[in-house]
Amino acid sequence: MAGGERKRRRRKLQLSKLFTLSSAKACFKPAHSQIGRTGFSRVVYCNQPESADYCDNYVRTTKYTLASFLPKSLFEQFRRVANFYFLVVGILSFTPLAPYTAVSAIVPLTFVILATMVKEGVEDWRRKQQDIEVNGRNVGVHQGNGHFDLKEWKTLRVGDILKVEKNDFFPADLVLLSSSYEDAVCYVETMNLDGETNLKLKQGLEVTMSLREEVDFRDFDAFIKCEDPNANLYSFVGTMELKGEKHPHSPQQLLLRGSKLRNTDYIYGAVIFTGPDTKVVQNSTEPPSKRSMIERKMDKIIYLMFLMVVSLAFLGAILFGITTREDYQNGVMTRWYLKPDDSTVFFDPQRAPLAAVCHFLSALMLNSYFIPISLYVSIEIVKVLQSIFINKDIHMYYEEADKPALARTSNLNEELGQVGTVLSDKTGTLTCNSMEFVKCSIAGRAYGRGVTEVEMAVGNGIEYAVAAEPVVKGFNFRDERIMNGNWVKERDADVIQKFLRLLAVCHTVIPEVNEDTGKISYEAESPDEAAFVIAARELGFEFFIRTQTTVSVRELDVATGGRVERMYKVLNVLEFSSARKRMSVIVRDEDGKLLLLCKGADSVMFERLSGNGREYEEETRDHVNEYADAGLRTLILAYRELDENEYEVFTERIGEAKSSVSADREALIDEVTEKIEKDLILLGATAVEDKLQNGVPDCIDKLAQAGIKIWVLTGDKMETAINIGFACSLLRRDMKQIIINLETPEIQQLEKSGEKDVIAEALKENVLRQITNGKVQLKASGGNSKAFALIIDGKSLAYALEDDMKYIFLELATGCASVICCRSSPKQKALVTRLVKTGSGQTTLAIGDGANDVGMLQEADIGVGISGVEGMQAVMSSGIAIAQFRYLERLLLVHGHWCYRRISKMICYFFYKNITFGFTLFLYEAYTSFSTTPAYNDWYLSLYSVLFSSLPVICLGIFDQDVSALFCLKFPVLYQEAFNHQGKPAGRDIFGGTMYTCVVWVVSLQMVLTISYFTVIQHLVVWGSVVVWYLFLTVYGSLPPRVSTDAYMVFLEALAPSPSYWITTLFVVMATMMPFFIFSAIQMQFFPMSHGTIKLLKYEDQCNDPGELELVRQASVRPALVGFTARIEAIKRSVMRSRQTGP
């Protein structure tokens, strides 16, 4: 009962009356005049979902559908040039031109295509399973009789009335009608959409506030006219017609799919956009068909090989035509053994040109063995097994959440080893959404002995103790001077009291009392707010009750040293906004004093201080700069006393502004609040740590050393993003920040006047001017990009990404060491990713955790989703899922490095073995006067790539390691070291069998020289391939002649007993292998690359010699522009300069 009473009491809070800047009173704006015109034609009949024919609410992230799988998958396979070539060859094999049987040509191609299609189908089925889970979630839907029944998300229709419970996601885009609060307000978490963790306050219209029970919707009849589906998350224009009256809608009533209901028991809403029409899906793109850079380069090699095949066939055709024309001498055919009488055209001297053309086509098919048909399917097999190794890597398993790494597609494994730019989301990706109160400055004195991750990394020789996990979540403050009530003994105890009181009172937090334990927990709009209230509680000011108009605090009394309960009457709350950068409350204390308590960013607070309120300004500024350098988020705290007359005037004016129905109502409210938030008295500053995920700074440092650039794309405001930049060492204090934004007073004044087109043109020119100025600064520095960081807001980014400006922007961005894009919409994130991918030519990797990151993940060459508490939609749209950002280090530097080198070696070796095999065919054809007679049996030809030479190469692609994982992480330069590996290319019945044996031995031993890391499996498949060849020769040759044809008893009766067969094999193999062996030995001994040097150290047992390792590391690590290493080097340079300039 007590819990029920408490909940009922909480529901009676009419929170809108506390907030000055929000109102349920509707006002029409100029945009509402567009209703009914093009782009604003949608009509929604509430409670009558069958009245409109709009799309359903099913959302899919799969690449294929049941109908499109076969044609689309076949297109994917045959757009690979080798597969298309073998398709043409397979078709031609049914003609008399074929030098071998059609079956031996079609079976390998069919196997290759089917194996790859099965792999694609299995991967897409996994995505389908995730779609089924999301679309199968349940939500309460009004059934037309005052009752709400649970229905699946996918069944929702436009016009349905939904009841969404606390902590549930919104299944579609809704218009808020009412909530569990009497004034129809609710709190919404939009982290999945814009990356912000602070809760957004939404409020329904005054006309629908009374619809608070299920039965109230029995006769609810209204229709909404609004804008058509679009991708703009931050705008909404519509009108509701109810009982003959029109009421305007704004973004304040819009609840977006993917956001979550928080701090509110339930809401009722009307569905206006479903499925593909929702704004979050409008911001996403179709799952693209991605191909790796290596695969695209491989296609070019195959084009070159095809050109070689055509050239050889053309050469052979000319020589064959000449030989055929001169074949008839004195009435006798000199090449009688070719049985020209049984041929119609091929060997007819009278039609030598036509015979040459037919030979050309036959030679194209015979020489097709230069191109490895099993290359693609072998690579697919290797990639699948590589993905399994990624999934099973215990070092990328997040035990706390029981989440391993998950490679959702294996198409891009080798791309992980070629990444040039990482584009990262911030919230939930770099951070773990956990704010901790760490330090503060009060009355010009710094408090807090905690050490941030940044300070620990740049300690400059100082030994810091490892920070312990905070006992209280959100409070990681350590300072005996003010803890445990000791602050009452401080010199400025009265200022400290006012400081802590402001933290306990100036907020919109709602306390929740656990009825069983009596402990108080807080539900806040943002993690910052919760951290401040918790800090006040831990330091002696416990906020424990909020009513409609009061907050109650248990305070530590300075005079008595005991706890006293004090009540403050809350008169007004001036909310925080990105434009205001501050929030204030006006309260009356128990002594009747009127107090304005304010906290905000230093950029707006210092200018609002009074002349006699700046006593601690200089010290506070210094402390704030120190906190920012330590990666902390800071706020300035100040207050003032109001007199009664001043407050009466404010109340009257703010009431008039709130009651206004004109389009400039917000401007009127801002003007009134601006006048009262002035002449403040400075108390101090807070510093909270937006806790990074474990290992983020170190991961960024290693990636920077590997030559990878990191861009941060976030929906957060600029100040927050900059703080995180400092925290993870993307920014340093000695960096020159090039800031491009449109939030200056001049721009804001311009936007209030003039035509829309004129304003847009002026804003575009302003952005271009800022970008040009940035390039001038960059050029003046002599191209020294170490000193520059680019920070741009979403508004400016919209103009910077236009076609006539985007490459100028990209030139500036690539010249800077760090790039941070703030207030970015999902569409902008995707466009930035596309620009970097196409403009720089580098492989791009995007990483994020929310639905707002889907477009970015799909646009990048590689999409990595963070499988955290939120953001499963990002995981569903990604190629690889990891639980923590820090695992990106191992994913790229270890698995990426290995996969890239393995696939590269594998491709080189495939071409090597097929060129070796193909040249034996060509030489034999030349030996037989270009008669297109194959040197080998048909099944020898077909099984060479499938059975006798593929398994060793596949094992190379799975198991080979040039260096161990430990050295991959210790020497990041190995990541981007170019790897060049070139293969060195080397008659019927007995002659063919001897040549084939030499080929099998040569390609197997070449594999032995290529492998860097032997396993038992590799020994088995390499030597097993040779054994299988001899077994095949024996068994196949023992079959009846009608089956084994010309291979009958060749090995047992002709090859095995002959010493020349074994001697020839030995000397051919030695002569073929010796050049590569000598080259490798000379390179390893005299011209080693970094991985070779490391292997030599290992073999010489110097791996643990600090001197040797430091020399290798210093010689190999590229200068890092960002990260801890860069920050430490910058500090060292600064210290050296100060010593040189000192006395």
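Residues numbered from 1 in each chain as written. Predicted model: local features only at pLDDT ≥ 70, side-chain atom pairs only at ≥ 80, totals over all residues. Heavy atoms only, no water.

Engineer: Is there a simple way to think about the overall build of the chain in this case?
Structural biologist: Across its full length, the chain holds 37 helices and 35 strands. When the accessible surface of the chain is split by element, carbon and sulfur atoms take 57% of a total near 47,800 Å². (Helix = DSSP H or I, 4+ residues; strand = E, 2+ residues; numbered from the N terminus. Areas by Shrake-Rupley, 256 points an atom, 1.4 Å probe, with all protein chains shown as cover.)

Engineer: Before we go on, may I ask you to explain the side chain of K383 in this structure?
Structural biologist: Tracing the sequence through the fold places K383 in helix α9 (residues 375–391). If we ignore the near neighbours within four places in the chain, the residues touching K383 are S292, E295, S410, N411, N413, E414 and I903. (Contact = heavy atoms within 4.5 Å.)

Engineer: How should the sheet that holds strand β9 (residues 238–242) be read in this particular structure?
Structural biologist: Backbone-to-backbone hydrogen bonds pair the strands of a sheet. The strands run either parallel or antiparallel. Taken in spatial order, the four strands of this open sheet run β1-β8-β9-β10, and their pairing is antiparallel. Single-partner strands in this sheet number two, and they are β1 (42–45) and β10 (245–249). Across this sheet, the average inter-strand angle for adjacent strands is 20 degrees, counted without regard to direction. When β9 meets β10, the two strands line up antiparallel, connected through five bridges. (Pairing = 2+ DSSP bridges. Axes fitted to C-alpha atoms, helices over the stretch in contact; angles between N-to-C directions.)

Engineer: Would you take a moment to explain the sheet that holds strand β11 (residues 254–255) for this structure?
Structural biologist: Overall, antiparallel pairing links the six strands, which are arranged β3-β2-β4-β13-β5-β11 in an open sheet. On the outer flanks of this sheet lie β3 (148–152) and β11, each paired with one strand and no other. For strand β2 (residues 138–142) and β3, the ladder comprises five bridges, and the chain directions are antiparallel. Looking at the pairing, G140 lines up with L150 of β3.

Engineer: Where do I start with the pairing of strand β25 (residues 582–588) in this structure?
Structural biologist: Residues in a regular strand point their side chains to alternate faces of the sheet. With six of seven residues buried, β25 lies mostly within the body of the structure. Both strand β24 (residues 563–574) and β25 contribute to a ladder of five bridges, which runs antiparallel. Each bridged residue has a counterpart across the sheet, and for N572 the counterpart in β25 is I586. In sequence, β25 turns back onto strand β26 (residues 594–600) through a hairpin of five residues, with G592 there showing a positive phi of about 90 degrees. (Buried < 20%, exposed > 50% of the residue type's maximum accessible area, 1.4 Å probe, protein only.)

Engineer: I keep staring at the pairing of strand β17 (residues 419–424) and nothing clicks. Help me out?
Structural biologist: By the criterion of burial, β17 is predominantly enclosed, with six of the six residues buried. Judged from the five bridges that link them, β17 and strand β33 (residues 843–848) form a sheet pairing that is parallel. By the bridge assignment for β33, V419 is matched with T843. In terms of strand pairing, β17 meets strand β29 (residues 709–713) through four bridges, oriented parallel. Residue S424 lies in a different strand from β29, and its bridge partner there is V712.

Engineer: How should the packing of aromatic side chains be read in this particular structure?
Structural biologist: The geometry of an aromatic ring pair is captured by the separation of the ring centres together with the interplanar angle, meaning the angle of the planes. Tallied over the entire structure, the rule returns 15 aromatic pairs. Taking the centre distance of 6.0 Å and the plane angle of 40 degrees together, the rings of F475 and F477 count as tilted. Each member of the pair F475 and F477 is classed as buried. The interplanar angle of 15 degrees and the centroid separation of 5.9 Å between the aromatic rings of Y522 and F543 together place this pair among those described as stacked. Of this pair, Y522 sits in strand β21 (residues 520–523) while F543 is found in strand β22 (residues 541–546), placing the two residues 21 residues apart along the sequence. In this structure, Y522 and F543 share a single accessibility class: buried. Grouped by ring-pair contacts, the aromatic residues F148, F217, F220, Y266 and Y268 constitute a single cluster. The ring of F544 has R554 sitting right over it, with the charged end atom 3.9 Å from the ring centre. Looking at R621, its charged tip hangs above the ring of F606, at a distance of 4.0 Å from the centre. (Phe/Tyr/Trp six-rings, centres within 6.5 Å; stacked < 30°, edge-to-face > 60°. Lys NZ or Arg CZ within 6 Å of the ring centre and 35° of its normal.)

Engineer: How should a negative patch on the surface be read in this particular structure?
Structural biologist: Residues E615, E618, E619, D622 and E626 make up a contiguous surface patch of negative charge. Topologically, D622 is positioned in helix α14 (residues 617–629). (Patch = residues over 30% accessible without salt bridge, like charges linked within 9 Å, V, L, I, M, F, W, Y side chains within 5 Å. Salt bridge = Lys/Arg side-chain N within 4 Å of Asp/Glu carboxyl O. Lys, Arg positive; Asp, Glu negative; His and termini not counted. Charge placed at Lys NZ, Arg CZ, Asp CG, Glu CD.)

Engineer: Explanation requested: unusual backbone geometry in the structure shown.
Structural biologist: Glycine aside, residues mostly have negative phi, and peptide bonds are mostly found in the trans state. A positive phi is found at K243, a non-glycine position, where the angle reads about 55 degrees. Looking at where K243 falls in the secondary structure, it is placed in the loop between β9 and β10. Unusually for a residue other than glycine, D679 sits at a positive phi of about 55 degrees. Relative to the elements of secondary structure, D679 occurs in the loop between α16 (665–676) and β28 (681–692).

Engineer: It is not clear to me how the packing of helix α3 (residues 81–92) against helix α7 (residues 293–325) should be interpreted in this structure. Could you clarify?
Structural biologist: When two helices pack together, their arrangement is captured by the angle between the axes and the distance separating the axes. Where α3 contacts α7, the two axes come as close as 9 Å, and the packing angle between them is 35 degrees. Counting all contacts with α3, which are made through V81, A82 and Y85, the residues of α7 involved are D299, I302, Y303, F306 and V309. The residue inventory of the contact of α3 with α7, partitioned by class, reads seven nonpolar, no polar and one charged. (Nonpolar A, V, L, I, M, F, W, Y, C, P; charged D, E, K, R; others polar.)

Engineer: Is there a simple way to think about the nonpolar core in this case?
Structural biologist: In summary, soluble globular proteins display a tendency toward joint burial of nonpolar side chains. F917, Y996 and W1029 are the most contacted members of the largest nonpolar core, which totals 78 residues. With 13 residues, the top contributor of residues to this core is helix α26 (residues 887–927). Among the nonpolar cores identified, the runner-up in size contains 77 residues, and M435, F543, F544 and L637 belong to it. (Core = buried A, V, L, I, M, F, W, Y, C linked by side-chain atoms within 4.5 Å.)

Engineer: Is there a simple way to think about the UniProt feature "active site" (unreviewed entry) in the chain in this case?
Structural biologist: According to UniProt, the "active site" (unreviewed entry) feature falls on D425. Position of D425 among the secondary structure elements: in the loop between β17 and β18 (431–442). With near-sequence residues (within four places) excluded, D425 lies in contact with L430, L713, T714, K829, I847, G848, D849, N852, D853 and M856. At a separation of 3.2 Å, a polar atom in the side chain of D425 contacts the side chain of K829. (UniProt positions renumbered as here; feature names shortened; annotations may be inferred. Polar contact = N/O pair within 3.5 Å; in protein donor to acceptor, adjacent residues only side chain to side chain.)

Engineer: Help me understand the packing of helix α4 (residues 102–135) against α9 in this model?
Structural biologist: It is the contact of α4 with α9, at a shortest axis distance of 9 Å, that shows an interaxial angle of 30 degrees. With respect to their mutual orientation, α4 and α9 come out roughly parallel. Crossing geometry of α4 relative to α9 is assigned as left-handed. Only V377, E380 and V384 of α9 make contact with α4, whose side of the interface consists of F111, V112, A115, T116 and K119. Residue classes in the contact of α4 with α9 are distributed as five nonpolar, one polar and two charged. (Parallel < 35°, antiparallel > 145°, perpendicular 65-115°, else oblique. Left-handed = near helix turned anticlockwise from the far one by under 90°.)

Engineer: What's the story with the side chain of E120 in this structure? I'm lost.
Structural biologist: Here E120 shows up in helix α4. Polar contacts involving the side chain of E120 include one to the side chain of Y64, which spans 3.1 Å. When sequence neighbours within four positions are dropped, the list of residues in contact with E120 reads K63, Y64, Q77 and N411.

Engineer: Teacher, can you tell me more about the pattern of salt bridges here?
Structural biologist: Side chains carrying opposite charge are able to pair once their charged atoms draw close together. Summed over the entire model, instances satisfying the criterion amount to 39 salt bridges. One salt bridge connects E414 with K383, and the closest N-O pair in it is separated by 3.1 Å. Here K383 lies in helix α9 and E414 lies in the loop between β16 (406–407) and β17, a separation of 31 residues in the sequence. In this structure, R582 and E674 form a salt bridge, with 3.2 Å as the shortest nitrogen-oxygen distance.

Engineer: When you look at the environment of L941 in this model, what are you seeing that I'm missing?
Structural biologist: As for its placement among the helices and strands, L941 is situated in helix α27 (residues 938–948). Take L941: its relative accessible area is 1%, and that puts it in the buried class. Put simply, L941 and Y369 are 572 residues apart on the chain and 7.9 Å apart in space, counted from C-alpha to C-alpha.

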